[in-house]
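Working through the structure, step by step
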Amino acid sequence: MAYLGVNIDHVATVRNARGTVSPDPIQAALLAEANGADGITAHLREDRRHITDRDIERLKVSIKTRLNMEMAATEEMLAIACHVKPYMCTLVPERREELTTEGGLDVVTNLSSLKPIIQGLQKSGIRVSLFIDGNLEQVEASKASAADIVEFHTGKYCDSKGKSQQQELSKLIEAAGRCVSLGIEVNAGHGLNYDNVKPILAMPGLYELNIGHSIVSEALYVGFPAAVRRMKDLIQ
């Protein structure tokens with residue numbers, strides 16, 4: 001059984017659209033925990049388009065489960081993370097022009113620049129996850145980086161159909177299997193929803209799914225507690 005990490009970024013997106021204090025992402029995080037979430041994920045972007053520094057600090061002292069802070073591999077974010085000390089940081093690629101994260105981190109190309117960030121986080125007692133595509137070369141580089149975890153980008157799987165979707169799933173399963181053999185913890189996320197999440201559970205060693213947009217969207221119709229419970233029931 002995989003654990004469920006609920007990403008509350010887009011609660012903050014709605015709040016920021018009007019520049020008010022509501023809806024409060026911290027309240028959403030507490031509701032998620034009360035209804036089965038095993039962890040809370042929040043992405044502190046360079047442009048602060050949704051989650052803010054204050055949100056991260058409030059989440060750390062408010063939630064009872066595990067805080068996963070998504071961040072770019074920069075000195076600014078390293079300093080913030082080492083101050084807040086979340087349970088885990090997930091290093092992701094980041095471009096200001098993108099609407100959402102478009103692909104996995106290129107660990108192969110950026111291994112030398114990633115290592116000091118990873119080591120800095122780990123020295124502060126923070127577990128480190130790398131957000132990568134389902135690619136064996138990226139898995140091997142992640143092992144070389146000494147990261148604790150990889151989170152597989154499931155966007156290509158979610159965006160494809162039929163035979164293509166099965167091929168993308170097979171790549172993820174193969175890459176996850178390699179992680180297991182290398183002793184790397186396996187997470188997955190991006191684009192997962194109530195219709196496509198079940199096949200992902202076939203990934204070997206899958207520990208946690210991080211899901212946000214589909215839960216926040218469903219919550220508009222049924223409420224946040226029911227939206228979280230429905231996803232939790234599916235992955236159980």
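Located above this text is the structure these notes cover.
Since we're looking at a predicted model, the values are computed, not measured. Sequence order sets the numbering: in each chain, residues are counted from 1 along the sequence as written. Residues qualify for local features only when their pLDDT is at least 70, as the model is predicted, and side-chain atom pairs are given and counted only at 80 or more; totals for whole chains, interfaces and linings, by contrast, use all residues. Side-chain figures throughout are based on the complete set of non-hydrogen atoms in the structure, without hydrogens or water.

1. Considering helix 8 (residues 162-182)
- A rise of 1.5 Å per residue sets the reference length of helix 8, with its 21 residues, at 30 Å; its end C-alpha atoms lie 31 Å apart and thus fit the reference within 8%.
- Buried residues of helix 8: Glu-168, Leu-169, Leu-172, Ala-175, Ala-176, Cys-179 and Leu-182, and no others. All buried residues of helix 8 fall inside an arc of 140° around its axis, so they share one side. When the buried face of helix 8 is taken as reference, the exposed residues oriented beyond 90 degrees from it are Gly-162 and Lys-163. Secondary structure elements are taken from DSSP: a helix is a run of H or I of four residues or more, a strand is a run of E of two residues or more, and numbering for both begins at the N terminus. Expected span, for any helix, means 1.5 Å times one less than how many residues it has. Using a 1.4 Å probe on the protein chains alone, a residue whose accessible area is under 20% of its type maximum counts as buried, one over 50% counts as exposed, and one in between counts as partly exposed. By arc we mean the arc of the directions from the helix axis to the C-beta atoms, nothing more.

2. Some words on the state of the cysteines
- When the sulfur atoms of two cysteines come within 2.5 Å, that pair is taken as a disulfide. Under the defined criterion, the tally for this structure stands at zero disulfides.
- Free of any disulfide, Cys-89 has its nearest neighbouring cysteine sulfur in Cys-82, separated by 7.7 Å.
- Between Cys-179, a cysteine without a disulfide, and Cys-158, which holds the nearest cysteine sulfur, the sulfur-to-sulfur distance is 18 Å.
- Cys-179 sits in the buried class, given a relative accessible area of 0%.

3. Section: the side chain of Ser-129
- Here Ser-129 shows up in strand 5 (residues 127-132).
- A relative accessible area of 0% places Ser-129 in the buried class.
- Note on contacts: a residue pair is in contact if any heavy atoms of the two residues lie within 4.5 Å. Among residues more than four places away in sequence, those in contact with Ser-129 are Met-88, Cys-89, Thr-90, Leu-91, Ile-149, Val-150 and Glu-151.

4. A word on the pattern of salt bridges
- Salt-bridge detection follows one rule: a side-chain nitrogen of Lys or Arg within 4 Å of a carboxyl oxygen of Asp or Glu. Evaluated as defined, the whole model comprises 11 salt bridges.
- Arg-49 is the salt-bridge partner of Asp-47, the closest N and O atoms lying 3.2 Å from each other.
- The closest approach of N and O atoms between Arg-48 and Glu-76, which form a salt bridge, is 2.9 Å. You can see Arg-48 sitting in the loop between strand 2 (39-43) and helix 3 (53-62) and its partner Glu-76 sitting in helix 4 (residues 75-84), a full 28 residues away along the chain.
- Residue class for Glu-76 comes out partly exposed when judged on its relative accessible area of 40%.

5. What about the packing of aromatic side chains?
- Each Phe, Tyr or Trp ring, with Trp reduced to its six-membered ring, pairs with another whose centre is within 6.5 Å; inter-plane angles below 30 degrees give stacked pairs, above 60 give edge-to-face pairs, and intermediate values give tilted ones. The final tally for this structure, using the stated rule, is one aromatic pair.
- Taking the centre distance of 5.0 Å and the plane angle of 55° together, the rings of Tyr-3 and Tyr-207 count as tilted. Placement of the pair is Tyr-3 in strand 1 (residues 3-7) and Tyr-207 in strand 8 (residues 206-211), with a sequence separation of 204 residues.
- To sit over a ring, a charge needs its Lys NZ or Arg CZ within 6 Å of the ring centre and within 35 degrees of the ring normal. The positively charged end of Arg-230 is found above the aromatic ring belonging to Tyr-194, 4.2 Å away from the centroid.

6. Description of the packing of helix 4 against helix 5 (residues 107-123)
- Interhelical geometry of helix 4 versus helix 5 gives an angle of 10° and a closest axis separation of 9 Å. As judged from the angle between their axes, helix 4 and helix 5 are roughly parallel. Together, Glu-75, Leu-78, Ala-81 and Cys-82 of helix 4 and Ile-117, Gly-120 and Leu-121 of helix 5 make up the contact between the two elements.
- Looking at the contact of helix 4 with helix 5 residue by residue, the classes come out as five nonpolar, one polar and one charged. Lines fitted to the C-alpha atoms define the axes, with helices restricted to the stretch that makes contact. Angles between their N-to-C directions range from 0 to 180 degrees. Oblique is the label for any angle not under 35 degrees, not over 145, and not in the 65 to 115 range, which are roughly parallel, roughly antiparallel and roughly perpendicular in turn. Only Asp, Glu, Lys and Arg are considered charged, only Ala, Val, Leu, Ile, Met, Phe, Trp, Tyr, Cys and Pro nonpolar, and every remaining residue, Gly among them, polar.

7. What to know about the packing of helix 10 (residues 213-222) against helix 11 (residues 224-235)
- Remark: helix 10 packs on helix 11, axes separated minimally by 7 Å, with the N-to-C direction vectors making an angle of 130°. Our classification of the angle between helix 10 and helix 11 gives oblique. The handedness of the crossing between helix 10 and helix 11 comes out as right-handed. Residues Ser-214, Ile-215, Val-216, Glu-218, Ala-219 and Val-222 of helix 10 form the contact with helix 11, whose participating residues are Phe-224, Ala-226, Ala-227, Val-228, Arg-230 and Met-231.
- Partitioned by chemical class, the residues of the contact of helix 10 with helix 11 number nine nonpolar, one polar and two charged. Two helices that cross are described as forming a left-handed crossing if the nearer one is turned anticlockwise from the farther one by less than a right angle, and a right-handed crossing if clockwise.

8. Some points on empty space enclosed by the protein
- Using a 1 Å grid laid over the protein atoms alone, points where a 1.4 Å probe fits but cannot get out form a cavity; open sets with protein on both sides within 12 Å along at least 5 of 7 lines form a pocket; any residue with an atom within 4 Å of a point counts as lining. Grid points are joined across faces, edges and corners, and a volume is the space filled by probe spheres set on the points. Here the structure, examined in full by the defined rule, presents one cavity of 30 Å³ or more.
- The space that makes up the largest cavity amounts to roughly 30 Å³.
- Every residue along the wall of the largest cavity is listed here: Gly-39, Ile-40, Thr-41, Arg-66, Leu-67, Asn-68, Tyr-87, Met-88 and Glu-208.
- Listing elements by their share of the lining of the largest cavity, those giving two or more residues are strand 2 and strand 3 (66-71).

9. A word on a nonpolar patch on the surface
- A cluster of nonpolar side chains, contributed by Leu-220, Tyr-221 and Val-222, occupies part of the molecular surface with about 400 Å² of accessible area.
- Relative to the helices and strands, Tyr-221 is located in helix 10. Note on patches: the residues involved have over 30% relative accessible area and no salt bridge, like charges join within 9 Å, and the nonpolar side chains Val, Leu, Ile, Met, Phe, Trp and Tyr join within 5 Å. Areas reported here follow the Shrake-Rupley algorithm with a probe of radius 1.4 Å; residue values treat only the protein chains shown as occluding.

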